[in-house]
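# Survey of secondary and tertiary structure
So you can see what is in the structure, the chains are spelled out below.
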Amino acid sequence: MLIHDLSRPGRRATAQAPLQAPIPESTQAPGARSDADGLPAALRRKRRAALPEVSELQAVRHYTRLSQKNFSIDTHFYPLGSCTMKYNPRACNSLASLPGFLARHPAAPESHSQGIMACLFELQEMLKAVTGMHGVSLAPAAGAQGELAGVMMIRAYHDARGDTDRREILVPDAAHGTNPASAIMAGFDVREIPTGADGDVDIDALRRAVGPQTAGIMLTNPSTVGVFDRNIQAIAHTVHDAGGLLYYDGANLNAILGKVRPGDMGFDVIHMNLHKTFSTPHGGGGPGAGPVGVSKRLEPYLPVPLVVRDGDEYHWQAEGDRPDSIGRLTAFGGNMGILLRAYIYARMLGAEGMRRVADYSALNANYLMARLRTAGFQLAYPERRASHEFIVTLKHEAKNFGVNTMDFAKRLLDYGYHAPTTYFPLLVPECLLIEPTETEDKESLDGFVDAMTTIRAEAEQQPQLLKEAPHRLPVRRLDDVRAARHLDLAWRPAESG
Amino acid sequence: MLIHDLSRPGRRATAQAPLQAPIPESTQAPGARSDADGLPAALRRKRRAALPEVSELQAVRHYTRLSQKNFSIDTHFYPLGSCTMKYNPRACNSLASLPGFLARHPAAPESHSQGIMACLFELQEMLKAVTGMHGVSLAPAAGAQGELAGVMMIRAYHDARGDTDRREILVPDAAHGTNPASAIMAGFDVREIPTGADGDVDIDALRRAVGPQTAGIMLTNPSTVGVFDRNIQAIAHTVHDAGGLLYYDGANLNAILGKVRPGDMGFDVIHMNLHKTFSTPHGGGGPGAGPVGVSKRLEPYLPVPLVVRDGDEYHWQAEGDRPDSIGRLTAFGGNMGILLRAYIYARMLGAEGMRRVADYSALNANYLMARLRTAGFQLAYPERRASHEFIVTLKHEAKNFGVNTMDFAKRLLDYGYHAPTTYFPLLVPECLLIEPTETEDKESLDGFVDAMTTIRAEAEQQPQLLKEAPHRLPVRRLDDVRAARHLDLAWRPAESG
Amino acid sequence: MPFIPHTEDDVAAMLATIGVDRIDDLFDEIPPELRAKDLDGVPAGVSEMDISRVMQARAREDGQPLCFIGAGAYEHHIPAAVWQITTRGEFYSAYTPYQAEASQGTLQVLYEFQSMMTALTGLDVSNASLYDGASALAEAVLMAVRANRKVKSPRVLLPRNLHPAYRRTVRSIVRHQGIELVEVPFDRAGGHTTVEQLEAAAGGEFAALVIPQPNFFGVLEEVDELTDWAHARNALVIGVVNPVALALLSPPGDWGTAGADIACGEGQPLGMPLASGGPYLGFLCCKHAFVRQLPGRIAGKTLDADGQEGFTLTLQAREQHIRRSKATSNICTNQGLLVTAATIHMALLGAEGLERVAAACHANSRKLSDRLCEIPGVEPLFDRPVFHERALRLPAPTADVLRSLAAHNILGGFDLGPDYPELEPALLVCATEVRTDDDLDAYHDKLARVIATRTQARCPVEPKF
Amino acid sequence: MPFIPHTEDDVAAMLATIGVDRIDDLFDEIPPELRAKDLDGVPAGVSEMDISRVMQARAREDGQPLCFIGAGAYEHHIPAAVWQITTRGEFYSAYTPYQAEASQGTLQVLYEFQSMMTALTGLDVSNASLYDGASALAEAVLMAVRANRKVKSPRVLLPRNLHPAYRRTVRSIVRHQGIELVEVPFDRAGGHTTVEQLEAAAGGEFAALVIPQPNFFGVLEEVDELTDWAHARNALVIGVVNPVALALLSPPGDWGTAGADIACGEGQPLGMPLASGGPYLGFLCCKHAFVRQLPGRIAGKTLDADGQEGFTLTLQAREQHIRRSKATSNICTNQGLLVTAATIHMALLGAEGLERVAAACHANSRKLSDRLCEIPGVEPLFDRPVFHERALRLPAPTADVLRSLAAHNILGGFDLGPDYPELEPALLVCATEVRTDDDLDAYHDKLARVIATRTQARCPVEPKF
Ligand SMILES: Cc1ncc(COP(=O)(O)O)c(C=O)c1O
Ligand SMILES: Cc1ncc(COP(=O)(O)O)c(C=O)c1O
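Note that this is a predicted model, so its numbers are computed, not measured.

Ranked by size, the top nonpolar core spans 296 residues in total, and within it A:Phe278, A:Leu372, A:Phe390, C:Leu137, C:Val141, C:Ile238 and D:Met55 carry the most contacts. At 24 residues, the largest contribution of residues to this core is made by helix H11 (residues 336-374) of chain A. Other than its neighbours up to four places away in sequence, A:Phe278 contacts A:Leu127, A:Val130, A:Leu253, A:Leu257, A:Asn273, A:Ala342, A:Tyr345, A:Ala346 and A:Met354. With 292 residues, the next largest nonpolar core counts A:Leu306, D:Ala207, D:Leu270 and D:Leu349 among its residues.

Next up, the structure:
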């Protein structure tokens, strides 16, 4: 039932609109048009847009019921690897939504912005401290935009030195899809580096790949195969020696918060997904925030705006103040409401709490990994510690029982667990990337192991159960192929086809 | 799964408590007790209370999931007769929850209370206008407390005139249970008056019942059988002539808002359930607000506090200012947050909107009644107009198919409709008291008729389906008898039994 | 039309189905002479935007003064999760759980609330709320008189150091039910009630003794002694308690040898904002023996047709909708949503969290009263231990002092004078965990200044009170 | 431990299962010399109460000035239901709907959003959001160059009267992708872009023309003429539109003979608070022919195994997680929650509600600019029709005037000087439907005073600008 199906001509949630506002004549009676309000007839809309016409109760009920069809952290264990679905403290939401914050116009003068600028400045400082970087800009609107900013800074750096032949960015094959896509957007070529059998980057391959064309490398460490690359120093030397820079994809920062700092590992630039490590809401697909941190030599290139402090006062720095900046990435400088939430979260954690994030996310991941191993599941990297996530491969189950990872995933939904990330990273066949996060309790993890074990038994005995899963959700298995073939991307009023 | 089942010793949602506060020694080590904080050891708790120990996420997830097990206006059609489950505008909630309102201490001086007092004063005035009464007090915390206040005022009135033998309150047999219970709490005897076959009060019986012992009569009009008593003027004369007063139970005010005023019908005192007609949230059992309105002669007895206006300033009137008041009913003078919500709602409606409430609740009720009649259901008062509610009796279905009203009600839940009120009023056998309210759309009503029709067919063909209903809810039919026999009213820690 | 979904087509179709021409025809059974003319006095409707503007202005109008008033309503930190979950539509817009199967969310919350309240009070059973603390005490008084099978007296001892608004509320509510309320004076030095005073006030038989702990002055009563004294006279004991204080103080169930019989109080400190005084929630717990005398809703655990656990309202034969004039009370709608908030609040804090809150409030209030007593002429009114609130003697008329403080946006406490003229000039102060040291300093400094001005102005020589 | 549920027993049991002694052992693959020492610079953790105090103070610190700035972000009334539902945990704390069956709530919202945006813009398809309006335009520019099969030029015409922050953002983002942005000047009298100016600026071939409607000055462009002109040159047309304005103005799909090809813009006016600039939401719609060039998520309707309708992300082969370096964009996380808010907002307002809002804003801004132009020396900067915002010429330096107004807690508008030195002193003002007549009066009176002071102080004779 779409909201449009509840629509009837003339139905209104009237209290919502200004009651006194006259409806311009033109839309009341398409024939009779006047310019009394200064809007030329030719530029006016001829027909009212086909938006739904519903009552306030209908809208409230419709969207309340829709919400209930979602899995979410607030309702389910959601071990979606690389996405860090941990608890989003409710206080962050209510405090970032205080009227004073919501009402502030982005172009308000500094004289009327000191409260929020203090928060942003302190957040910049805290992010510097936890990453070991020299400068931080909060501007990027999500991780991928942080990546773009990051590789653009790498490019700006080389260009500024006249080193304009460095047009290749190295990306491990385990990397998230945004990494190569971002590099391309910054005008680079992308070269893939294979991952070794132990999960670390194949350092020999890397050595062979670097050269005068190397602008840099984009690394996630711990990587998306869920291990900390033990050769990180060697990698750093190799790339730096070749004249390249190191980019740190901070999506997995949760695993090492307060334990090891990208700056100390030798990275030149990093983005952080605040909607992961700093627990801002994922919101069914965003908003995110992807601040970037840089070493001293990249500092001039940071995207604007930045907040600086001068005595007791905070000031913005924009294009004019930072001529070498790679520029502006959104009109108004970033997802401020998300930055506020991250600030509040960081303040509640403090230094101790940050270390605990790493400790307990590692504890949960390694415990879950140990239990699944004992339960007979095959680990992709059995010799390694898990970081905050790890990979199970179901290739045996696929071969022996004729079910695949997606079947497993869908059946997990029936048991009330959101599925881990499936088929990513691409290099491990039939894989599940599992990230429990530090905010889940042991009983949830144990329950997940039980469900996995049960499902494997089902796979053996009644594989159909899996193949037809889910059975207990608002819909049965959806036909993705059909969705792409018979594109239906928007509701249309009956008369127009 | 109780929250207690998630509890583990030592688990904490730590961010919630003051971090720095020392835990008093006594509870840390029961042996060693110090009076350093001035609390004598003998008066201290010896053992920590067995409250659940859970993480913030556990609490959030637990209560979020629990909430999803409720039917509510925001999720379901909820035609619970006499309860007026109409849409609770979300704006009332957010505006009554503005920090300035939430932070105000009840004992704050008038100098720091003018904002809320203005709202309360205007609400008093609007309630006077819609009821046609001379004075209003917002103090009662719910309808039943309003009733108590009302009958106590009747008593105070007679007592003040030395008319102390008037110790009987008349109550129609259709009345809500709170009516006789309130009369008893005010020290009256209760005498029941039968309802005639047409749904109006049996006026002859009333004439026989009145006398010098008559303190007054408590009436709901439209009554809880869903009809407007056509003899209301005769009733008023009869009771007034006998020296009694008329009490109006305003639970059904929704039906006549702006159409006819209790004051004009001759009532001396009225309570209003703001959580019904004025759409404040029912909240799973409250809070309510039950303001009382009175005619001029009862004005001195109104419960305190009241707000009065003097020029541009608002003042409280309490016991000292109103020596004849029946007094105070709660420590701080009422459910202020609910009164604010009602005020906001009343302002959004305005005079026009109030009339529409009556219009469209009557339209919906009469439409639903007409459709159910056509669908073959028997009406309790087929010759009458419905007010905002009406009664269907399932006595034929009970006799012919061996299912009862409760079975019907439970099966409705399976179809996603909250059941109407069942077995009330007591005088109509196997009854459903159905109140759709004005905020439901025609399609919901039609859907309800379809469900009722389907269920009747099921009753005929597979009565077991009804008797074992519900089938699709979080639990199956609950055993109420067992609940009362084997009382389990609280979770207990394992060690204490 | 705000909140009304009907289109013109809907109306036409519905009227046709009903068989009338106009909506107004549906009111044709109302005698025409009664039909209301105008609703003068109700202004025209406004949009959500317009009323938002009005309410925002009014909410701002009264500022947010620094508040040191306690006196039965306390400003505590409320975790953000509490009200974000409580106001979810499924809780907010549900009715009393009459259809248990469709209301398991609310019913389980009620059961959990009852579990938490029995744990806090040390008693066996709890109801699922009453309107507020004061009306809960009125119900407790009525209940005790009904329940006491040994003493058939309608007399109930009510100490004068009980909250004055509670005393008034009890009086209003029980007035016509043949109850005699006997006021017990308090010890002028200690602020507490002694056995001797009880003995003297009681005279003959009485059905119940009410013991507030702490009492209105914040003073701690010797609850064990008082309880045993009352029990020795076959009276029931009703404790009136602050649920946050119970994290540190002996629970009613542990008072004396046998424990108090009934405990009641104001649940506001468990997650409810001050909100001008409501909605709050009254709680009422008792020993198992008295469960059938309890007023109000009670949720119970039971089994469903499949043998699974579930929850339902139980013992409804006590209630007005079944028992009508024979019910234990007329109460119907009460404070379900606040119960939800309190339950989530307690789940988030746990016992240790509540202890921390109680200890922080207590420490803060001690710090405040110590600092204020540095001001010449300000001193503690009573010499007995207090919890979380303290009565002070002032060297100038309380109302004047408070007015001066209010002009500086400080609400300095509760003026004891109007209710206890014998104590004038006296002030009850409180600083919960939300007040900072800066707040206390601000109060101290302003009060010192106000008092210096007043005392100097009037008394050229050092006044001695 | 805040947010961490582990008890000591849990930790011990889990370590035993893993087979290590201490949690720190789990980090033994990290080279020891890399292990972080201290986190100096991160202060100690504070409780929820303490951070609440900090944030409340900071939110209050900046007051709530009366705001007459528009310039791409507009203060509208947002129905209370919008955010109460949007922040329900199930929406707020869900991830991108990768498991469609467990995310039907979010997916259906995306589909409904797409339906509403196509209705508003008059185009065939919509994606499910981009970061904001400016970055959406950058994506639209890239998309147009990719999609234009007739013209292989990398040149795109960007008018100078497009929002300056948009121009900068586009420049930053497309800088390294071989796009050439050609700036088109505007008409100094009308503030709009003429075909002649386009003709002159275009020179040779170009892939796309960007048309803002209204433009940054609030001025209305002759969209039909411009669209046809560009189409005649085989260029694609990208409309940059305000979704609230679309309730009254001709939608991009109707521009000219064939309609614009792409429309994008800032969704903030659809239910997002100003919030210092974000999170907002960028929208992007296009003709069906270009759907495979759209960046960002797209939800589609499909069937489940039982043949029931359901929703899923579709055309994922465009996206980075499938296509990696060949994707249409690197975008991943974007603005799902804001889409939810916008969808509920549009559902509540409907087309008529949006029209009322647009009309009220327009009327209010007209009233404002008319009143301000009563002040000597203040006059409209351009003579063409505007929508909802107007550029004014001032008789004194804009920055000074704004500073004086700000001191009176009035944010008087957007200073056009820094971005358009040629227009100085000029001010862009806006009064949405939330501003009252009193607000407008207050602004008028203060501005009159400020200008009087300035002009008198400096110019004894009436200045002529
Ligand atoms: C490893 C990795 N890198 C980058 C990203 C992209 O970040 P965002 O989604 O915030 O754009 C993600 C997000 O899922 C990720 O997991
Ligand atoms: C007819 C009638 N009278 C009185 C009441 C009691 O009102 P309250 O529940 O607010 O105490 C009700 C409530 O259901 C009712 O329906």
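Counting residues at the interface gives 199 residues for chain A and 186 residues for chain D. Summed over both partners, the interface of chain A with chain D buries about 16100 Å², with 63% contributed by carbon and sulfur atoms. Viewed at the interface, chain D and chain A are joined by ten salt bridges. Across the salt bridge formed by D:Glu29 and A:Arg384, the nearest N and O atoms sit 2.7 Å from each other. Inspection of the chain A/chain D interface yields 86 residue pairs in polar contact (both at pLDDT 80 or more). Considering every element that reaches the side of chain A that touches chain D, the biggest residue donor is H11(A), with 27 residues. Residue composition of the side of chain A that touches chain D, grouped by class: 110 nonpolar, 47 polar and 42 charged.

The next subject is the UniProt feature "domain: Glycine cleavage system P-protein N-terminal" (unreviewed entry) in chain A. According to UniProt, the "domain: Glycine cleavage system P-protein N-terminal" (unreviewed entry) feature falls on residues 39-307 of chain A. As annotated, residues 39-307 of chain A comprises 33% helix and 13% strand, and the C-alpha atoms at either end are separated by 41 Å.

Going through the model one piece at a time under the given rule, you end up with 44 aromatic pairs over all chains. The interplanar angle of 75 degrees and the centroid separation of 5.7 Å between the aromatic rings of A:Tyr417 and A:Phe448 together place this pair among those described as edge-to-face. Placement of A:Tyr417 in the loop between helix H13 (405-414) and strand S12 (421-422) and of A:Phe448 in helix H14 (residues 442-461) is noted, with a sequence separation of 31 residues between them. In terms of burial, A:Tyr417 and A:Phe448 fall into one category: buried. Taken together, a centroid distance of 4.9 Å and an interplanar angle of 40 degrees make the contact between D:Phe217 and D:Phe382 tilted. Here D:Phe217 is found in the loop between strand S5 (208-213) and helix H9 (223-232), whereas its partner D:Phe382 is found in the loop between strand S11 (379-380) and strand S12 (390-393), with 165 residues between them in sequence. With relative accessibility at 0%, the residue D:Phe217 sits in the buried group. For D:Phe382, a relative accessible area of 6% puts it in the buried group. Here the aromatic cluster, defined as three or more aromatic residues joined through ring pairs, consists of C:Phe186, C:Phe216, C:Phe217, C:Phe382, C:Phe414 and C:Tyr420. Here B:Arg155 stacks its cationic end above the ring of B:Phe188, 6.0 Å away from the centre of that ring. Its end group placed over the ring of C:Phe68, C:Arg435 keeps NZ or CZ at 5.9 Å from the ring centre.

Parameters and conventions
Residues numbered from 1 in each chain as written. Chains lettered and ligands numbered in written order. Predicted model: local features only at pLDDT ≥ 70, side-chain atom pairs only at ≥ 80, totals over all residues. Heavy atoms only, no water. Core = buried A, V, L, I, M, F, W, Y, C linked by side-chain atoms within 4.5 Å. Buried < 20%, exposed > 50% of the residue type's maximum accessible area, 1.4 Å probe, protein only. Helix = DSSP H or I, 4+ residues; strand = E, 2+ residues; numbered from the N terminus. Contact = heavy atoms within 4.5 Å. Buried area = accessible area lost by both parts, 1.4 Å probe. Salt bridge = Lys/Arg side-chain N within 4 Å of Asp/Glu carboxyl O. Polar contact = N/O pair within 3.5 Å; in protein donor to acceptor, adjacent residues only side chain to side chain. Nonpolar A, V, L, I, M, F, W, Y, C, P; charged D, E, K, R; others polar. UniProt positions renumbered as here; feature names shortened; annotations may be inferred. Phe/Tyr/Trp six-rings, centres within 6.5 Å; stacked < 30°, edge-to-face > 60°. Lys NZ or Arg CZ within 6 Å of the ring centre and 35° of its normal.

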